[in-house]
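Single-letter residue listing:
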Amino acid sequence: MKMNFLIKAAAKVAAHESCDNLDEKRIVPKMMLRRRLTRSARIMVYLADACGFSKGSVVYGSAYGEMQATADIVGAIDANEPISPTAFQNSVYNTAPSYFSLLHGNKEEILTVSSGDETSANVLQTGALQALIKGEEVLLVCNEAINIPNIDEVNTCTDYLEAGVALTLLPTEQEANTEVQKKEHTEYAPSLWAMLDLLDACEGKEGCIVALEL
């Protein structure tokens, strides 16, 4: 079954190594919180800010999760050293949206999705269901931050070691006016492609309404 959704806002960011100019000092004025943010969290709060979203339900997706924290934990185990409590805290998949909620005092529901190459497609479906159930605007974010030492030895899926895409959607009874075409966004990790398809379809278009599969 398909339902129609208004895409209220959308944003993306990408870099071959590290995303610069994420405006952290303005978005996260408290230094102690800003210093704790992982790379994924920095990308997420930037994208949410670009979408003008600070309160409400969030659906977040990442195929690879918090790579640096995971690498730090594995490195400590390999070296027979104590695991950093910070690395352990930051290793879970909901790290980025949790920091977003801490930043804005957001107490609404967070759902986290990790489905390999299908991650952003499943985020779209989950986000559409959330928006339909709640009858309100929902933030969807997918990002990957894999710029860690020696990543070139195993990376074969993306030119951008940091990238993210976000949008907010709202259910509508209006007719769909935009068709989304599937593409191969070869510089990006495949886990982002479905949402990139939607952003490309809506680029430069006000009142973009798309039909999404539930």
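Residues numbered from 1 in each chain as written. Predicted model: local features only at pLDDT ≥ 70, side-chain atom pairs only at ≥ 80, totals over all residues. Heavy atoms only, no water.

(A) Just the overall build of the protein, in detail. In terms of regular secondary structure, the protein is built from 8 helices and 6 strands. Relative to the 2.2 N^0.38 estimate, which gives 17 Å for 214 residues, the radius of gyration of the protein is 17 Å and therefore close to what a compact globule would have. When its C-alpha atoms are laid out on the principal axes, the protein stretches across 60 × 35 × 30 Å. Counting contacts in the protein only where the partners sit at least 6 residues apart, residues at least 24 apart contribute 76% of the total. Surface exposure of the protein reaches about 11,000 Å², of which carbon and sulfur atoms provide 49%. With 17 positive and 30 negative side-chain charges, the protein shows a separation of 10 Å between the mean positions of the two kinds. (Helix = DSSP H or I, 4+ residues; strand = E, 2+ residues; numbered from the N terminus. Rg over C-alpha atoms; globule rule 2.2 N^0.38 Å. Contact = heavy atoms within 4.5 Å. Areas by Shrake-Rupley, 256 points an atom, 1.4 Å probe, with all protein chains shown as cover. Lys, Arg positive; Asp, Glu negative; His and termini not counted. Charge placed at Lys NZ, Arg CZ, Asp CG, Glu CD.)

(B) Examining the pattern of salt bridges more closely. Evaluated as defined, the whole model comprises 7 salt bridges. Residues Glu-162 and Arg-39 are paired through a salt bridge, measuring 2.9 Å at the closest nitrogen-oxygen approach. Within this pair, whereas Glu-162 is found in strand S5 (residues 162-171), its partner Arg-39 is found in helix H3 (residues 39-50), the two being separated by 123 residues in sequence. Here Lys-183 ties to Asp-200 by a salt bridge, and the two come within 3.5 Å at their closest N and O atoms. Placement of the pair is Lys-183 in the loop between S5 and helix H8 (193-202) and Asp-200 in helix H8, with a sequence separation of 17 residues. On the basis of relative accessibility, which here comes to 25%, the residue Asp-200 falls in the partly exposed class. Through salt bridges that share partners, Asp-23, Arg-26 and Asp-49 make up one connected network. (Salt bridge = Lys/Arg side-chain N within 4 Å of Asp/Glu carboxyl O. Buried < 20%, exposed > 50% of the residue type's maximum accessible area, 1.4 Å probe, protein only.)

(C) How the structure looks around the state of the cysteines. Taken as a whole, this structure holds 1 disulfide when the rule is applied. In this model, Cys-202 is linked to Cys-208 through a disulfide, with the two sulfur atoms separated by 2.0 Å. Taking the torsion about the sulfur-sulfur bond, which here is approximately -50°, the covalent link between Cys-202 and Cys-208 counts as left-handed. For Cys-202, a relative accessible area of 11% puts it in the buried group. (Disulfide = S-S within 2.5 Å.)

(D) Focus on the sheet that holds strand S1 (residues 2-15). Spatially, S3-S2-S4-S5-S1-S6 is the arrangement adopted by the 6 strands of the open sheet, whose pairing is mixed. Looking along the sheet, the strands with just one partner apiece sit at the ends: strand S3 (110-113) and strand S6 (209-213). Along the sheet, successive strands turn relative to each other by an average axial angle of 30°, direction set aside. Pairing analysis gives 5 bridges linking S1 to S6, with the strands arranged antiparallel. Bridge pairing links Asn-4 to Ala-211 in S6. (Pairing = 2+ DSSP bridges. Axes fitted to C-alpha atoms, helices over the stretch in contact; angles between N-to-C directions.)

(E) Here's a closer look at the side chain of Asn-90. With respect to the secondary-structure elements, Asn-90 resides in the loop between helix H5 (85-89) and helix H6 (95-104). Using a relative accessible area of 7% as the deciding quantity, one classes Asn-90 as buried.

(F) A look at H3. Taking 1.5 Å per residue, 12 residues should reach 16 Å; H3 reaches 17 Å between its end C-alpha atoms and fits that length. Within H3, burial applies to Ser-40, Ala-41, Arg-42, Ile-43, Met-44, Val-45, Leu-47 and Ala-48. Phi turns positive, to about 65°, at Gly-52, one or two residues after H3. (Expected span 1.5 Å × (residues − 1).)

(G) Spotlight on the environment of Ile-73. If you trace the backbone, Ile-73 turns up in helix H4 (residues 67-78). On a C-alpha basis, the gap between Ile-73 and Leu-103 in space is 26 Å, while along the polypeptide they are 30 residues apart. Apart from residues no more than four positions distant in its own chain, Ile-73 is found in contact with Ile-83, Ala-87, Phe-88 and Ser-91.

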